[in-house]
Amino acid sequence: ACGSGGEDTAGGKTRITVNCMPPKSAKIDRQNFEDDIKTFEKANPDIDVVGHDAFPCQDPKTFDAKLAGGQMEDVFYTYFTDATHVVDINQAADITSYVKEMKGYSDIQQSLRDVYTVDGKVYGVPRTNYSMGLLYNKKLFQQAGLDPAKPPATWEEVRAAAKKIAGLGKGYVGYADYSAQNQGGWHFTAEIYSQGGDVVTADGKKGSVDTPEGKAVLQNLKDMRWTDNSMGTKQLLILNDVQQMMGSGKLGMYISAPDNVPILVKEKGGKYEDLALAPMPGGKGTLIGGDGYMFSKKASPEQIRAGLKWLEFQTNAPGTGLNNWKRAADLKAPVGLPEPRLWTGATDAKDQELKKQYANVPVENYQAFLDGSQQLTAKLEPPKAQQIYSVLDGAVSSVLTKKDADIDGLLKDAQSKIDGILARG
Ligand SMILES: OC[C@H]1O[C@H](O[C@H]2O[C@H](CO)[C@@H](O)[C@H](O)[C@H]2O)[C@H](O)[C@@H](O)[C@@H]1O
């Protein structure tokens, strides 16, 4: 069923509301979701799945209020960064005893299961994961006299390549970065990880951005923006702006997860053959993130069981739902991207095999990312991530909008604010 909601039971069936159903504008994804509900309900006649659409799936501005007001769906979408917070504010059902019945749960990578495990109790199931890399336009590399087969491996090389691409003429931007809506802080974190730094100390108690690595991140951005003029003049960019720039073919590089590639092609005018992924420059680390589903603390045991069955089918098994690569290929949706890569062992092998069988994107464009990322330390996002990102937005946006930004002062200030956030517990 789609769109309605209400009671826990419907004509003797267990009813569950589930959010993050694709909006009608995403035609193929929406149709697939609706078809998945039909297929699932046919196989499970005692369950009624009610999809609620939303784009984006999680809106940080309304998320807490929706939870506190009891409006959240029975099975609800979260970023990895939300999991601990939802548990802290006592809005999540403990599903520890139920996930034992979920086929495939134990095949999910342990580090991803850990994201939804708080004090030994399980509160959610990971749906997708990602790691960051450097997304670049091969065509622009060629035009700028750069070798598309040798993408930048260090931040110095990123800077040099960005300068050449911006030199192609008016309107060309070498490197772009976010600096608003917490996204600047998210990318700062990915950039500091890439150089071996962190935004919080190992014990999670203090900020650690006022460091040589933090300084290197801001100095590099400042140099590209003001000395080389390779970052364009428009700043305070967010996801959609940068994707638009990349899709239009005028941007050389930005840091991104692989899941941006289909967005660039399907929605922003980009071409698969031009878009390639390299590992994060810097050679030390890469930020990993993702999303998953949690369960309302008001959900009944029957609803939790039904919800887990739905997830088992729609998000958490190779070959069905989101991972039905044959259906995707038949519908000319992209197959063959390097991530998500949720599972280990035989389940991972099965998913990889299916992806390979139905691949319809130039997988060679992502090989460098696949090979290189294995050499990097994969680091999850920090505790209190969204609050920390909001602070770091301030430092990144200052550097990109003020020629005389004082990097040392910005980092000192950010560090003390992060200390405050962490001290509040
Ligand atoms: O492309 C990777 C993912 O990017 C988005 O999620 C992330 O965005 C946030 C910035 O607002 C960040 O704070 C969060 O922790 C990230 O996971 C996007 O919404 C995802 O769909 C996408 O997989």
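Our structure is the block above this text.
About the criteria used
- Residues numbered from 1 in each chain as written.
- Predicted model: local features only at pLDDT ≥ 70, side-chain atom pairs only at ≥ 80, totals over all residues.
- Heavy atoms only, no water.
- Salt bridge = Lys/Arg side-chain N within 4 Å of Asp/Glu carboxyl O.
- Helix = DSSP H or I, 4+ residues; strand = E, 2+ residues; numbered from the N terminus.
- Buried < 20%, exposed > 50% of the residue type's maximum accessible area, 1.4 Å probe, protein only.
- Near = heavy atom within 4 Å.
- Polar contact = N/O pair within 3.5 Å; in protein donor to acceptor, adjacent residues only side chain to side chain.
- Areas by Shrake-Rupley, 256 points an atom, 1.4 Å probe, with all protein chains shown as cover.
- Nonpolar A, V, L, I, M, F, W, Y, C, P; charged D, E, K, R; others polar.
- Lys, Arg positive; Asp, Glu negative; His and termini not counted.
- Contact = heavy atoms within 4.5 Å.
- Core = buried A, V, L, I, M, F, W, Y, C linked by side-chain atoms within 4.5 Å.
- 1 Å grid on protein atoms, 1.4 Å probe; cavity = no way out; pocket = protein on both sides within 12 Å on 5 of 7 lines; lining within 4 Å.
- Points joined across faces, edges and corners; volume = space filled by probe spheres on them.
- Pairing = 2+ DSSP bridges.
- Axes fitted to C-alpha atoms, helices over the stretch in contact; angles between N-to-C directions.
- Phe/Tyr/Trp six-rings, centres within 6.5 Å; stacked < 30°, edge-to-face > 60°.
- Lys NZ or Arg CZ within 6 Å of the ring centre and 35° of its normal.

Caption draft 1: Quick look at the pattern of salt bridges. Enumeration over the complete set of coordinates arrives at 15 salt bridges. For Arg-327, the salt bridge is made with Asp-36, and the minimal N-O distance between the two is 2.9 Å. A residue pair is termed long-range when its members are at least 10 positions apart, and Arg-327 in helix H13 (residues 325-330) and Asp-36 in helix H1 (residues 27-43) qualify at 291 residues. Pair check on accessibility: Arg-327 and Asp-36 agree, each one buried. Ionic pairing is found between Asp-228 and Arg-159, a salt bridge with its closest N-O pair at 2.7 Å. Here Asp-228, found in the loop between helix H9 (212-227) and helix H10 (239-247), pairs with Arg-159, found in helix H7 (residues 155-166); they are 69 residues apart in sequence, far enough to count as distant. Under the relative-accessibility criterion, Asp-228 is labelled buried at 11%.

Caption draft 2: Representation of the site of the ligand. With respect to spatial proximity, the complete set of residues near the ligand consists of Tyr-79, Thr-81, Tyr-130, Gln-183, Trp-186, Ala-257, Asp-259, Asn-260, Glu-381, Gln-386 and Tyr-389. At a separation of 2.6 Å, an oxygen atom of the ligand approaches a polar side-chain atom of Glu-381. About the coverage of the ligand: the protein hides 84% of its 490 Å² of free accessible area. Elements supplying a minimum of two residues to the shell around the ligand: helix H8 (183-194) and helix H16 (385-401). Residue composition of the shell around the ligand, by class: five nonpolar, four polar and two charged.

Caption draft 3: Local environment of the side chain of Lys-355. In this structure, Lys-355 sits in helix H14 (residues 345-358). Although Lys-355 lies buried, it forms no salt bridge, and the closest oppositely charged side chain, Asp-351, sits 4.3 Å away as judged by the N-O distance. Ignoring sequence-local partners within four residues, the contact set of Lys-355 consists of Trp-325, Val-335, Leu-337, Pro-338, Glu-339 and Pro-340.

Caption draft 4: Region of the structure containing the side chain of Arg-30. Inspection of the secondary structure assignment puts Arg-30 in helix H1. In this structure the side chain of Arg-30 is engaged in a polar contact, spanning 3.0 Å, whose partner is the backbone oxygen of Pro-22. In this structure, Arg-30 is in contact with Met-21, Pro-22, Pro-23, Lys-24 and Asp-53, ignoring residues within four places of it in sequence.

Caption draft 5: Fine view of the nonpolar core. If you look at the biggest cluster of nonpolar residues, it comprises 70 residues, and the most contacted ones within it are Met-132, Tyr-175, Phe-188, Leu-221 and Met-253. Take this core: its biggest share by element is nine residues, from H16. Among the nonpolar cores identified, the runner-up in size contains 46 residues, and Ala-83, Tyr-98, Tyr-123 and Ile-304 belong to it.

Caption draft 6: View of the layout of surface pockets. Its boundaries defined by the atoms lining it, the second largest pocket holds a volume of some 690 Å³. Surrounding the second largest pocket, 26 residues form its lining, Thr-81, Asp-82, His-85, Lys-384 and Ala-385 being those nearest its centre. Looking at the lining of the second largest pocket, the elements with two or more residues in it are helix H2 (60-68), helix H3 (83-88), helix H5 (110-115), strand E5 (117-118) and H16. Looking at the lining of the second largest pocket, its residues break down into ten nonpolar, ten polar and six charged.

Caption draft 7: The arrangement of the sheet that holds strand E10 (residues 251-256) in detail. The strand order E9-E10-E8-E11 describes an open sheet built from four strands, whose pairing is mixed. What marks the edges here is a single partner per strand, and that holds for strand E9 (173-175) and strand E11 (275-279). This sheet shows a mean twist of 25° between the axes of neighbouring strands, independent of strand direction. As paired elements, E9 and E10 share two bridges and run parallel to each other.

Caption draft 8: Examining the packing of aromatic side chains more closely. Applying the stated criterion across every chain, the model contains twelve aromatic pairs. Here Tyr-77 and Tyr-293 contribute two aromatic rings whose centre-to-centre distance is 6.4 Å and whose plane-to-plane angle is 85°, an arrangement assigned as edge-to-face. Taken together, the residues span a long stretch of sequence, with Tyr-77 in strand E4 (residues 75-79) and Tyr-293 in strand E12 (residues 285-295) at a distance of 216 residues. For Tyr-293, a relative accessible area of 1% gives the class buried. Aromatic pair Tyr-136 and Phe-141: ring centres 4.8 Å apart, planes at 50°, arrangement tilted. Each member of the pair, Tyr-136 as well as Phe-141, carries the same accessibility label: buried. Put simply, the rings of Phe-33, Phe-40, Trp-310 and Phe-313 touch in pairs and so form one group of aromatic residues. The residue whose ring lies beneath Lys-379 is Tyr-193, and the NZ or CZ to ring-centre distance is 4.8 Å.

These figures come from the coordinates and say nothing about function on their own.
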